[in-house]
Amino acid sequence: MKKVIVIGSGIVGASTAYQLAKLGADVIIIDRKDKGQATDAAAGIICPWLSQRRNQAWYQLAKAGARFYPELIADLESEGETATGYSQVGALVIHNDLEKLNKIEQRAHLRKEDAPEIGTITPLNDKETKELFPLLDEGYHSIHISGAARIDGRALRDALIRSAERNGAELINGDATLLHEADRVIGASVGEKSFLSDQVIICAGAWANPLLQPLGINFKVSYQKAQIMHLQVEHSQDSGNWPVVIPPTDQYLLSFDDQKIVIGATHENDIEGYDTRVTPIGMQEILNKGLELAPEIANSTFEEVRVGFRPFTPGFLPVIGAVPGWDGLLAANGLGASGLTMGPFIGNQLAKLALDLPLDLDITEYNIGNAMDVS
């Protein structure tokens, strides 16, 4: 039985540990529970097919991530995990410019040729749009994408970790330090206790570089702060089946059961350190854009603001694979704002990589060496 240590239990680490445990590996998960973990804060939209990003390597990974979800959720549910935070509620891509909506619809049909999971693509007028998401302001037309889904990152992470533990994984809360002999990583220590392994997998997101620096590795991971607001609204309809709302700005609206609404998110660059403060300017930005889309939320009840750090690597393209110059060390990072879309699939591939199993994606375009300087 292969022994594998996974450092970091965000969406990638939790997914990796779950897949490894299911495949029969002896798994230890180590996590410090730092404030600001991206997965802990995130509520996401699984709808990559309409992105205008020209980077095909990014799109292929995002598309594979979206396609992987139904299988993963079915597996978790078969193990009794029904609170995964996932629901295929569809998405409304809204705009008040019909010409731009027409271009979005054309793009959706083109993408559907090799991504049938996009589902049904339906143009809706303003009345039909508001019927599906009653809090929206008047005047928005939309394209409805039936295959889109919403996800609560915290709920999915917890379900994955519970299932990993049920399959034999051990979760340790603490600060990991890598152990190595010559050019091979042989495990990790937490405090005075050491754990040996055949493979160590670094899934530490925004905190990955300090972990690798003692090996003479500069992991070029930057991060962006996101503040995400949670509200409770009063409405006669059940919000649990409302579609996610994708406006022309970089904001979004999600609804969950029990009249819960999530508005996101800020994109704060050049922050100093791991600044997890909820700020008035961040809340103002979220509310200004949210109220423009859905004025009725002005009378909702404020619940909380979650803060997380989205990790990025050079070129804004995720990196996956074996760390150059070191045996027994794998890593993935740089998922950015697409972490919840890509994370479970990347975790699946990392698990297969650790166990020398065939991968479902050519990872050469996500060369981890492109994000590292080794001294």
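Trainee: Just give me the short version of the overall build of the chain, but keep the residues and values in it.
Mentor: Looking only at helices and strands, the chain features nine helices and 22 strands. Rg of the C-alpha trace for the chain: 21 Å, near the compact-globule value of 21 Å for 375 residues, within the 12% margin. Principal-axis analysis of the C-alpha atoms gives the chain an extent of 65 × 45 × 40 Å. For the chain, buried positions account for 58% of its 375 residues. Considering only residue pairs separated by 6 or more positions, the chain has 74% of its internal contacts joining residues 24 or more positions apart. For the chain, the exposed area adds up to about 15,900 Å²; of that, 48% sits on carbon and sulfur atoms. Each charge class in the chain can be summarised by its mean position, and for the 32 positive and 49 negative side chains these summaries are 2 Å apart.

Trainee: Tell me about the pattern of salt bridges, and please be specific about residues and values.
Mentor: The final tally for this structure, using the stated rule, is 19 salt bridges. Here R277 ties to D275 by a salt bridge, and the two come within 2.9 Å at their closest N and O atoms. Judged by its relative accessible area of 52%, R277 falls in the exposed class. Notably, a salt bridge pairs R306 with E304, separated by 3.1 Å at the nearest N-O pair. On the basis of relative accessibility, which here comes to 29%, the residue E304 falls in the partly exposed class. Through salt bridges that share partners, D40, R154, R157 and D158 make up one connected network.

Trainee: Got a sec to walk through the packing of aromatic side chains? Specific residues and values, please.
Mentor: Taken as a whole and assessed by the stated rule, the structure comprises nine aromatic pairs. An angle of 5° between the planes, with centres 5.2 Å apart, marks the rings of Y69 and Y86 as stacked. Highlighted residues: Y69 in helix α3 (residues 56-78) and Y86 in strand β4 (residues 86-87), separated in sequence by 17 residues. Y86 carries the same exposure label as Y69, and that label is buried. Measuring from ring centre to ring centre gives 5.3 Å for Y223 and F309, while their planes differ by 65°; the resulting arrangement is edge-to-face. Placement of Y223 in strand β15 (residues 222-232) and of F309 in strand β19 (residues 301-312) is noted, with a sequence separation of 86 residues between them. Through a chain of ring-to-ring contacts, the aromatic side chains of W207, Y223, Y274 and F309 assemble into a single cluster.

Definitions and cut-offs
- Residues numbered from 1 in each chain as written.
- Predicted model: local features only at pLDDT ≥ 70, side-chain atom pairs only at ≥ 80, totals over all residues.
- Heavy atoms only, no water.
- Helix = DSSP H or I, 4+ residues; strand = E, 2+ residues; numbered from the N terminus.
- Rg over C-alpha atoms; globule rule 2.2 N^0.38 Å.
- Buried < 20%, exposed > 50% of the residue type's maximum accessible area, 1.4 Å probe, protein only.
- Contact = heavy atoms within 4.5 Å.
- Areas by Shrake-Rupley, 256 points an atom, 1.4 Å probe, with all protein chains shown as cover.
- Lys, Arg positive; Asp, Glu negative; His and termini not counted.
- Charge placed at Lys NZ, Arg CZ, Asp CG, Glu CD.
- Salt bridge = Lys/Arg side-chain N within 4 Å of Asp/Glu carboxyl O.
- Phe/Tyr/Trp six-rings, centres within 6.5 Å; stacked < 30°, edge-to-face > 60°.

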